[in-house]
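# Descriptive analysis of the structure
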Amino acid sequence: MSETVKTPNQKLKLLYLYKILFEKTDATHCISMPDIISELEQYGISAARKALYDDIEALRTFGVDIVYTKGTYSGYRIGSRLFELSELKLLADGISSSRFLTEHKSNEIIKKLAALTSVYSGKEVGRQLYVTNRLKSGNDKICNNVDKINQAIRDKRKIGFKYFDYDLNKKKKYRDRLRICTPYTMVWCNELYYLVAKYDKYPDTLTNFRVDRMENEYIKGTVLNDVFLDAVRSNNTAAAEECLRKHCEIMKRCHTIKMDRTHFPSARAILDDRLE
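Residues numbered from 1 in each chain as written. Predicted model: local features only at pLDDT ≥ 70, side-chain atom pairs only at ≥ 80, totals over all residues. Heavy atoms only, no water.

A few words on the overall build of the chain. Regarding its fold elements, the chain presents 10 helices and 8 strands. Residues classed as buried in the chain amount to 37% of the 276 residues present. Put simply, of all contacts in the chain between residues at least 6 apart along the chain, 62% involve residues at least 24 apart. Accessible area of the chain: about 16900 Å², with a carbon and sulfur share of 54%. (Helix = DSSP H or I, 4+ residues; strand = E, 2+ residues; numbered from the N terminus. Buried < 20%, exposed > 50% of the residue type's maximum accessible area, 1.4 Å probe, protein only. Contact = heavy atoms within 4.5 Å. Areas by Shrake-Rupley, 256 points an atom, 1.4 Å probe, with all protein chains shown as cover.)

Okay, structure coming up:
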């Protein structure tokens, strides 16, 4: 009886077997045992049929849902996954249509979502969604912005950042000074992320900043002692929640005015300061 030839990748056989099943099978695609052996050989791994049966059972014991389908195209396939195909499509559509993500970042995230299913289903996840009248953000660091803001809120620290607008030629136009503020929370309003914070320029009120218009964020080292921040973070103070609720309502009303502020020129200066 011939022995299985040992190769450098032989110890990785179980991992590559899972990789093959994960990438090459789904609800409509199975893989036969001969094809599994052939796929493993491409990774420099030799495997006997009997040993593979044991490996498949080991993966099942570990919790991988491996189904064997009988019929004309019999073979093995992954059954249930962490995300169903319909869920991945829904997430991809939301990312594709999101205003605050750039087209490059949207495509990058969708590509990662497609990797959570088979290569066949991944093509459906990565399909093009056409959205009419949709302006995408020009800030490719939006995810880093969100991460740094959450870190500052968690650690009770101030943050500093540059803030910009776009001119008529869609070029960035930076505001005249660095923004330093105490971050409280982020809100989702009119399909955009806003940071709600206590801006040093207006210490007695709350100000919000569009997260996609922030750049070069840094976290200041001073730990803050802020009663309102403690209330927001603990999420158990009715007064803090009521204050944020009212602030969000004002944001929605002011956002509508700002979109149409050509009809209200006298409000321009106030809105520029408060809505930033």
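Pairing between strand β1 (residues 66-69) and strand β2 (residues 75-78): 4 bridges, direction antiparallel. Each residue of the ladder has a partner; that of T69, found in β2, is G75. Joining the antiparallel neighbours β1 and β2 is a turn of 5 residues, in which G71 adopts a positive phi near 135°. (Pairing = 2+ DSSP bridges.)

Judged by side-chain polarity, L82, F83, L91 and L116 come together as a nonpolar surface patch covering roughly 370 Å² of accessible area. Looking at where L116 falls in the secondary structure, it is placed in the loop between α5 (103-114) and α6 (119-125). (Patch = residues over 30% accessible without salt bridge, like charges linked within 9 Å, V, L, I, M, F, W, Y side chains within 5 Å. Salt bridge = Lys/Arg side-chain N within 4 Å of Asp/Glu carboxyl O.)

This part is about the packing of aromatic side chains. Evaluation of the coordinates by the stated rule reveals 11 aromatic pairs. When the ring of Y18 is compared with that of F22, the centres are 5.8 Å apart and the planes differ by 45°; the resulting orientation is tilted. Here Y18 pairs with F22, and both are found in helix α1 (residues 13-24), just 4 residues apart, close to one helical turn. Residue classification places Y18 among the partly exposed residues on the basis of a relative accessible area of 34%. Seen in terms of ring centroids, F164 and Y166 are 5.4 Å apart; in terms of plane orientation they differ by 85°. Their pairing is edge-to-face. Ring pairing ties together the aromatic residues F161, Y163, Y199, Y202 and F209, which thus form one cluster. In this structure, K162 is placed above the aromatic ring of Y174, and the distance from its NZ or CZ to the ring centre is 5.8 Å. Here the basic side chain of K172 rests over the ring of F164, its NZ or CZ set 4.8 Å away from the ring centre. (Phe/Tyr/Trp six-rings, centres within 6.5 Å; stacked < 30°, edge-to-face > 60°. Lys NZ or Arg CZ within 6 Å of the ring centre and 35° of its normal.)

All right, on to the nonpolar core then. Grouped together as the largest cluster of nonpolar side chains are 33 residues, with contacts concentrated most on I149, I159, F161, L195, F209, V211 and M214. If you list the elements that add at least two residues to this core, you get α4 (85-97), α5, α7 (142-155), β3 (157-166), β5 (179-189) and β6 (192-199). Broken down by element, the residue count for this core peaks at 6 residues, all from β6. Residues I20, L21, L40 and L59 belong to the second largest nonpolar core, which totals 17 residues. (Core = buried A, V, L, I, M, F, W, Y, C linked by side-chain atoms within 4.5 Å.)

We now examine the packing of α4 against α5. Close contact between α4 and α5 brings their axes to 9 Å; oriented N to C, the two are set at 175°. By the criterion of interaxial angle, the relationship of α4 to α5 is roughly antiparallel. Between α4 and α5, the residues in contact are L88, L91, A92, I95 and S96 and S106, I109, I110 and L113, respectively. In the contact of α4 with α5, the residues fall into 7 nonpolar, 2 polar and no charged. (Axes fitted to C-alpha atoms, helices over the stretch in contact; angles between N-to-C directions. Parallel < 35°, antiparallel > 145°, perpendicular 65-115°, else oblique. Nonpolar A, V, L, I, M, F, W, Y, C, P; charged D, E, K, R; others polar.)

It is worth stressing that arrangement in space is one thing and function is another; only the former is reported here.
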